[in-house]
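Examination of the molecular architecture
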Amino acid sequence: MGRVLLSKPPDVKVKFVVALLDRMNYLDSVNEATAYYSTDYQLSMLKAILGSKLPFSEQYLLQMLDGMILQKRQFYAVFLVQKAMVRQIECFLKENKASHELRVRLHDYISVHLDSWEIADARKLAKKIRIMLGDLQEFTIEPGEAWTDLMLADLKAMESTQKTAWQSLIEHAFTIKSCEPSGKWMAEAGKRRSGVGDAAFSPMVLRWFSSVESTKSDTMSEGNADLLKGLIWYCSSIDQADVASVIGNVALALFKKIPGLGPRSAKAGNACIHVLSRLPGLAPVAQLSRLQLKTKYSKVHVLINTALEVAARRAGMTRADLEEIAVPTFGLEGRGVLREDLGEYVAEIRVTPTAGTEFLWLGENGKKQKSVPAAVRENFSEEIASLKRVTRDIENMLSVQRDRIECLFLAQRSWLYPLWRERYLDHPLLGQFTRRLIWHFEAGGKSGLAIMTEDGLQDAEGRSVCWESDNTRVRLWHPVGFDVSTVRQWRVYLEEKQISQPFKQAHRELYIVTDAELATRNYSNRFAAHILRQHQFNALCRQRGWKYQLQGAFDSFNTPIRELPEWDLRAEFWVESVPADDQMSETGIYLYLSTDQVRFVNLHGEPLPLSEIPALAFTEIMRDVDLFVGVCSIGNDPVWRDQGDARIGTNYWQRYSFGDLSAHAETRKEVMTRLLPRFTIADRCHVDGRFFVVRGDLRTYKIHLGSGNILMEPNDQYLCIVTDRSTGRVGAEKVFLPFEGDQMLSIILSKAFLLARDARITDKTILRQIKT
């Protein structure tokens, strides 16, 4: 039948389109199930017929629009028909003027269909219709976003000649359509940028870019995204370090996930990656490495990986070497200090011992100022803004580099001593990490462990050791394979010297293959039968280098994997969605997962016996999985017992919340036991099995060392305290911890300090539970 219709005269096709839309709407009103049964065939037929220009009269166009407006379906096949329909209207309007009735009907169609579709293509189609009707200029800077509002204000303030040059540049920016522009487009871009002047272009565009991340709206209009994409490509040949940094920040802002919509603007974000891959120097490489760790979309990761591999080949070195030499200094010197003279004062940015930043103002004789001096604020506003931006960039890069260095455990990287010293120890940004970590040195058939101090390298007993030789090979120490006494010595050393490591190293959890795992041979059930929050699990997978995609109602089985190229292995953690219609996000993603096996497979996907897996690979993978469970389990949610779904896992919540301790929790227990005498509340606390017990004035409390949940004596009544997980502070107390990154440890200590002084608690919700 379809072939017969396609061979009919154009006027017959027009009548058929209108009649078929009427028929589909009739079936919708009579029997929705029947209508949906035949939808695919009908839509395919409509799309095929509308694929060529047809002689629609305005009357038939109005009837066709009426038919589309009545359509209840909202899926992509319907949208493709709508695009074909709009092409017919476009052909009509090229030869005819739109009547008032047609204009009204098109606006109705936009408001009923396109404005309600939260997809980029629908927004593009709505814009196209408005341009066709003359309601919108094709190249229009749309207000309402911080960066475009700033741009419009700057253009308004320009004198006539300058404004004309900028408008010409902006008009050309709108015309970029493909992911990468043609040589012709780039040549024209160069001419228009010259018209503005390179000296004026960079500071103005970077000013607009810096405002992208502070936009008033989460969404970005299609037109503004096209404009931004073009402006980003204008920067592809600018050799300035700050350009790469700003474009990296813009990319992160553009890849920010908007619930129900996806990234803010994938096309503009992708342009950032393409441009970073073309920019000269090492600064763009550092930004690409940062984006790889901070973005969450698999397609973006493929793009970044490709860009980094190309950059490494171009530089004639391995990707790992390239990423190391590309770590920026941001103008820091020595032990991480940047100074800039501004009039009679000095601005000083310092990287702190815990890898944060401190921004100081120094006056005469180096005296600290309480705030920005008035004279500086009045005369150096641009310099202040620049220094604040540098401070943010330093903090962002510190976070990324900490994660990268932790990945060295599995990467098994090593360096000759002079190279290690240059890239890590003496690097003004990385030095603060390097000096808080323990390193393994090997030379002349001998080996040893040491940490760098003010007095040089020291071993675990505090003795000076000498490994400063051009032939010494250095790598990051991992405690697996070392005897217990060595590990314990280093833990005591760190605690006595008050050294807080950037991540767990001396206190790192170790996982050995158990008898049960030898019995199951090819898989481990150690972390099976847990219930995890899927979105949190997905975020943690990305942070730890695992590949995973959220599972929804229409997804097939999706296994989180971690590639281990150093051993030609791949680790798999089997999970399955917990299906429940009322436990899904608005976008159809299941909220919870159940856990199953951990496996290791070779490059052919064949499972391997756990006894054959290298000890370092096994312990690090199992540590990751333990971390997934420890962080993402519903057992950590203090309100689950009262608000959670009983079908999902109330019994599991009770079992996990107060059950046996994981390896992470056992480490927490050991640290709490050792550090307890130093606490100001030491006389009110003790460790008892799985609990940290706190004696208050009103009651005694048992805080579980795994979940952080609380029972009150004498009847084990549950106490719900919801803490702010975004802060790492331990109340108002300054407590030394020998490592950073254990958020649950901070939460437990925060609760302990609060409950030890329960008579001072003012929160009515907590008091009501305590006094019940």
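About the thresholds
- Residues numbered from 1 in each chain as written.
- Predicted model: local features only at pLDDT ≥ 70, side-chain atom pairs only at ≥ 80, totals over all residues.
- Heavy atoms only, no water.
- Salt bridge = Lys/Arg side-chain N within 4 Å of Asp/Glu carboxyl O.
- Buried < 20%, exposed > 50% of the residue type's maximum accessible area, 1.4 Å probe, protein only.
- Helix = DSSP H or I, 4+ residues; strand = E, 2+ residues; numbered from the N terminus.
- Pairing = 2+ DSSP bridges.
- Axes fitted to C-alpha atoms, helices over the stretch in contact; angles between N-to-C directions.
- Parallel < 35°, antiparallel > 145°, perpendicular 65-115°, else oblique.
- Left-handed = near helix turned anticlockwise from the far one by under 90°.
- Contact = heavy atoms within 4.5 Å.
- Nonpolar A, V, L, I, M, F, W, Y, C, P; charged D, E, K, R; others polar.
- Polar contact = N/O pair within 3.5 Å; in protein donor to acceptor, adjacent residues only side chain to side chain.
- Expected span 1.5 Å × (residues − 1).
- Arc of directions from axis to C-beta.
- Core = buried A, V, L, I, M, F, W, Y, C linked by side-chain atoms within 4.5 Å.
- pLDDT = per-residue confidence, 0-100.
- Patch = residues over 30% accessible without salt bridge, like charges linked within 9 Å, V, L, I, M, F, W, Y side chains within 5 Å.
- Areas by Shrake-Rupley, 256 points an atom, 1.4 Å probe, with all protein chains shown as cover.
- Lys, Arg positive; Asp, Glu negative; His and termini not counted.
- Charge placed at Lys NZ, Arg CZ, Asp CG, Glu CD.
- Phe/Tyr/Trp six-rings, centres within 6.5 Å; stacked < 30°, edge-to-face > 60°.

As for the pattern of salt bridges
This structure, assessed with the given rule, holds 38 salt bridges. Of the charged contacts in the structure, one is a salt bridge between Arg-463 and Asp-459, with a shortest N-O distance of 2.9 Å. Taking the relative accessible area as the measure of exposure, Arg-463 reaches 48% and is therefore partly exposed. Taking relative accessible area as the criterion, Asp-459 reaches 11% and is therefore assigned buried. Here Arg-668 makes a salt bridge to Asp-742, at a shortest N to O gap of 3.1 Å. Residue Arg-668 is found in helix H30 (residues 663–675), and its partner Asp-742 is found in the loop between strand E20 (717–719) and helix H31 (743–756); the two are separated by 74 residues along the sequence. For Arg-668, a relative accessible area of 7% corresponds to the buried category.

Focus: the pairing of strand E14 (residues 569–577)
Inspection of the sheet shows strand E13 (residues 561–564) paired to E14 by four bridges, in the antiparallel sense. Bridge pairing links Glu-563 to Arg-570 in E14. Joining the antiparallel neighbours E13 and E14 is a turn of four residues, in which Asp-568 adopts a positive phi near 55°. Bridge count between E14 and strand E15 (residues 592–601): seven bridges; the pairing is antiparallel. Along E15, the bridge assignment pairs Ser-577 with Leu-593.

So, the packing of H30 against H31
H31 packs onto H30 with a crossing angle of 45° between their chain directions and a minimal axis gap of 11 Å. In terms of their interaxial angle, H30 and H31 are classed as oblique. The hand of the H30/H31 crossing is right-handed. Along its contact with H30, which presents Arg-668, Val-671 and Met-672, the element H31 presents Met-744, Leu-745, Ile-748 and Leu-749. Of the residues belonging to the contact of H30 with H31, the class tally is six nonpolar, no polar and one charged.

Focus: the environment of Gly-336
Within the secondary structure, Gly-336 sits in the loop between helix H18 (319–325) and strand E3 (337–342). Sequence-distant contacts of Gly-336, that is, excluding residues within four places in its chain, are made with Ile-349, Arg-350, Val-351 and Pro-428.

Some remarks on the side chain of Glu-509
Position of Glu-509 among the secondary structure elements: in the loop between helix H24 (484–497) and helix H25 (515–520). A distance of 2.5 Å separates a polar atom in the side chain of Glu-509 from a polar atom in the side chain of Lys-504.

Details of the environment of Thr-295
Its location among the elements puts Thr-295 in the loop between helix H16 (283–294) and helix H17 (298–315). Overall, Thr-295 belongs to the buried group, its relative accessible area being 2%. The contacts of Thr-295, once residues within four sequence positions are left out, are Leu-252, Phe-255, Val-300, His-301, Ile-304 and Arg-542.

Observations regarding H17
With 18 residues, H17 should cover 26 Å at 1.5 Å per step; its first-to-last C-alpha distance of 26 Å lies within 8% of that length. Within H17 the residues assigned to the buried category are Val-300, Ile-304, Ala-307, Leu-308, Ala-311 and Ala-312. For H17, the arc enclosing every buried residue in end-on projection is 135°, short of the 170-degree limit, so these residues lie on one face. Exposed and facing more than 90 degrees away from the buried side of H17 are Lys-299, Val-302 and Arg-313. In this fold, the buried residues of H17 make contact with helix H15 (266–278), H16 and H18. Phi turns positive, to about 70°, at Gly-316, one or two residues after H17.

Points about the nonpolar core
For soluble globular proteins, nonpolar side chains are generally found buried alongside one another. If you look at the biggest cluster of nonpolar residues, it comprises 99 residues, and the most contacted ones within it are Trp-166, Phe-209, Leu-228 and Leu-231. In this view, Leu-228 contacts Trp-147, Phe-209, Val-212, Met-220, Val-250, Leu-254 and Ala-268; residues no more than four positions away in its chain are not counted. Membership of the second largest hydrophobic core comes to 38 residues, among which are Cys-541, Ala-571, Leu-610 and Leu-627.

A short note on the pairing of strand E17 (residues 691–695)
Along any regular strand, the residues point their side chains to alternate faces of the sheet. Here E17 lies mainly inside the structure; four of its five residues are buried. The loop that links strand E16 (residues 685–688) with its antiparallel partner E17 comprises two residues; one of these, Gly-689, has a positive phi angle of about 65°. When E17 meets strand E18 (residues 700–704), the two strands line up antiparallel, connected through five bridges. Across the sheet, Arg-695 pairs through a bridge with Thr-700, a residue of E18.

Concerning the side chain of His-664
Relative to the helices and strands, His-664 resides in helix H30. Classification of His-664 as buried rests on a relative accessible area of 7%. Among the polar contacts made by the side chain of His-664, one reaches the side chain of Glu-509 at a distance of 3.3 Å. A polar contact is formed between the side chain of His-664 and the backbone oxygen of Arg-623, at a distance of 3.4 Å.

Section: the sheet that holds strand E6 (residues 415–416)
Here five strands make up an open sheet; going across it, the order is E6-E10-E7-E8-E9 and the pairing antiparallel. Because the sheet does not close on itself, it has two edges, and the strands there are E6 and strand E9 (456–458). Where strand E7 (residues 439–443) meets strand E10 (residues 473–476), four bridges bridge the pair, whose relative direction is antiparallel. Paired with Trp-439 across the bridge in E10 is Leu-476. Contacts between H24 and the sheet are confined to strand E8 (446–453) and E9, with E8 contributing the most and set at about 15° to the helix.

Points about the confidence of the model for the chain
The predicted structure's coordinates, where accompanied by low pLDDT, should not be read in detail. With 88% of its residues at a pLDDT of 70 or more, the chain shows a mean pLDDT of 86. Confidence, read as mean pLDDT per element, is least for helix H3 (residues 32–37) in the chain (44) and greatest for E10 (97). For the stretch residues 32–38, pLDDT sits under 50, and the model shows six contacts to residues farther than four places along the chain or on other chains. Across residues 726–732, confidence stays below pLDDT 50; counting only partners more than four residues off in sequence or on other chains, it has 10 contacts.

Focus on helix H14 (residues 241–254)
The terminal C-alpha atoms of H14, which comprises 14 residues, lie 21 Å apart, in line with the 20 Å expected from a rise of 1.5 Å per residue. Most of H14 is tucked away, with 11 of its 14 residues classed as buried. Next to the buried residues of H14 lie helix H12 (198–210), helix H13 (222–234), strand E2 (262–263), H15, H16 and helix H20 (381–406).

Points about the sheet that holds E17
Pairing within the open sheet is antiparallel, and its five strands lie in the order E16-E17-E18-E19-E20. Only two strands of the sheet have a single partner each, and these edge strands are E16 and E20. Shown here is a sheet whose adjacent strand axes are inclined to one another by a mean of 30°, direction ignored. As paired elements, E16 and E17 share four bridges and run antiparallel to each other. When the sheet's bridge partners are listed, Asp-688 is paired in E17 with Phe-691. In this fold H31 packs onto E17, E18, strand E19 (710–713) and E20, with an angle of close to 180° to the strand it touches most, E18.

Let's talk about a positive patch on the surface
On the surface, Lys-47, Lys-83, Arg-87, Lys-124 and Lys-177 cluster together into a patch of positive charge. For Arg-87, the location among the structural elements is in helix H6 (residues 76–95).

Overview of the packing of aromatic side chains
Under the counting rule described, the total for this entry stands at 24 aromatic pairs. An angle of 45° between the planes, with centres 5.5 Å apart, marks the rings of Tyr-417 and Trp-420 as tilted. Pair noted here: Tyr-417 and Trp-420 are both in helix H22 (residues 417–425), with a separation of three residues, about one helical turn. Exposure remark for Trp-420: the relative accessible area of 0% places this residue in the buried category.

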